[in-house]
Amino acid sequence: QSVATASKGDIVGIMPGHSETLTTGITLSKAGISYVGLGQGLLRPSIQTGAAIDAISITAANVTLSNINFPFTTVDEATAYVNVAAAGATLSGLRMIGSTTSINAVDMITVASGGDDLIVENCVAYNTVTDCVSWLSLEAAVARPVIRNNVIQGQFSTGVLMDEATATLATITGNIFKNTKAATAVVTFTTGNSTGVMSFNHLSGRHTTIASNIVAGTGMDFFENRVVEEAALNGAILPAADTD
């Protein structure tokens, strides 16, 4: 990023097949730069986390990070693969693996103070061995996050998507979220009671009742979300319909 000019539409291409393991995090601190991985499938560049760190921290506004592979961490308790702490960031087409052994990431994406107007779209993530806490945690009271068209499946000890503060005017749509952790919600909004709209998502969980797979909080509006808590069955629309 040292040769890029801030806020001029510069694009930094990351070559196909590039692979590195980070023991010190990378900070994207120049505004308006797009970091684009080149290549398809597993030929996309790979950034692996090799320490208990945020692998990539976005601290400048209007940064885009796209088409990057984040394989499983090599060190236990990596705090995040991507941490967003600036406005107007876009995370697009990222592929993330939470664990393949007893070593795991805590969260895959974290959104810190300053991360307003975030877009997370067309990402995939899998976690099949050791629990991550979440795929995406809204850690701060950010405004207007958009989370759309992502496919996330695996074991999460709190939920695929969670809030830790009151995000406002969130838009969460078109996602497939599956949490295979028994007796654990798929999404939970009770810590911050975040506000906004969650619509047309498909949620699969293994909580004790179908309704408890969404911990709705008090601020979110829900439209046409399908939820299932048992294999080989179709989803029901939850939460319950408003009747007054």
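Preceding block: the structure.
Criteria and cut-off values
- Residues numbered from 1 in each chain as written.
- Predicted model: local features only at pLDDT ≥ 70, side-chain atom pairs only at ≥ 80, totals over all residues.
- Heavy atoms only, no water.
- Helix = DSSP H or I, 4+ residues; strand = E, 2+ residues; numbered from the N terminus.
- Buried < 20%, exposed > 50% of the residue type's maximum accessible area, 1.4 Å probe, protein only.
- Contact = heavy atoms within 4.5 Å.
- Polar contact = N/O pair within 3.5 Å; in protein donor to acceptor, adjacent residues only side chain to side chain.
- Pairing = 2+ DSSP bridges.
- Axes fitted to C-alpha atoms, helices over the stretch in contact; angles between N-to-C directions.
- Salt bridge = Lys/Arg side-chain N within 4 Å of Asp/Glu carboxyl O.

Engineer: Even after reading the chapter, I still don't get the environment of Ser 99, so can you show me in this structure?
Structural biologist: Within the secondary structure, Ser 99 sits in the loop between β11 (95-97) and β12 (107-111). By relative accessible area, Ser 99 is classed as buried at 1%. Sequence-wise, Ser 99 and Pro 71 are 28 residues apart; in three dimensions their C-alpha atoms are separated by 8.3 Å. With residues near it in sequence (within four places) discarded, Ser 99 still touches Phe 72, Asn 104, Asn 127, Thr 128, Val 129 and Thr 130. A distance of 2.7 Å separates a polar atom in the side chain of Ser 99 from a polar atom in the side chain of Asn 127. Of note is the side chain of Ser 99, whose polar atom sits 2.9 Å from the backbone nitrogen of Thr 130.

Engineer: What should I look at first to understand the sheet that holds strand β19 (residues 170-173) in this one?
Structural biologist: Adjacent strands of a sheet pair through backbone hydrogen bonds, lying either parallel or antiparallel. Spatial ordering of the open sheet is given by β1-β4-β7-β10-β13-β16-β19-β22-β25, a layout of nine strands whose pairing is parallel. With partners counted over all chains shown, the strands left at the sheet margins are β1 (11-14) and β25 (220-223), one partner each. Taking the axes of each pair of neighbouring strands and ignoring which way they run, one obtains an average angle of 10° across the sheet. Relative to strand β16 (residues 146-148), strand β13 (residues 119-121) is paired through three bridges, and the arrangement is parallel. Paired with Glu 121 across the strands is Arg 148, a residue of β16.

Engineer: Any chance you could explain the pattern of salt bridges here in plain terms?
Structural biologist: Two side chains with opposite charge may pair up if their charged atoms get near one another. Within this structure, the stated rule accounts for three salt bridges. Between Arg 144 and Asp 117 there is a salt bridge; the shortest N-O distance is 2.6 Å. Here the residue Arg 144 occupies a position in the loop between β15 (134-138) and β16, and Asp 117 occupies one in the loop between β12 and β13, the gap between them amounting to 27 residues. A salt bridge links Glu 121 to Arg 148, with the shortest nitrogen-to-oxygen separation between them at 2.8 Å. Remark: Arg 148 occurs in strand β16 and Glu 121 occurs in strand β13; sequence separation between them is 27 residues. Judged by its relative accessible area of 16%, Glu 121 is buried.

So, to be careful, I would describe these as geometric facts and stop short of saying anything about function.
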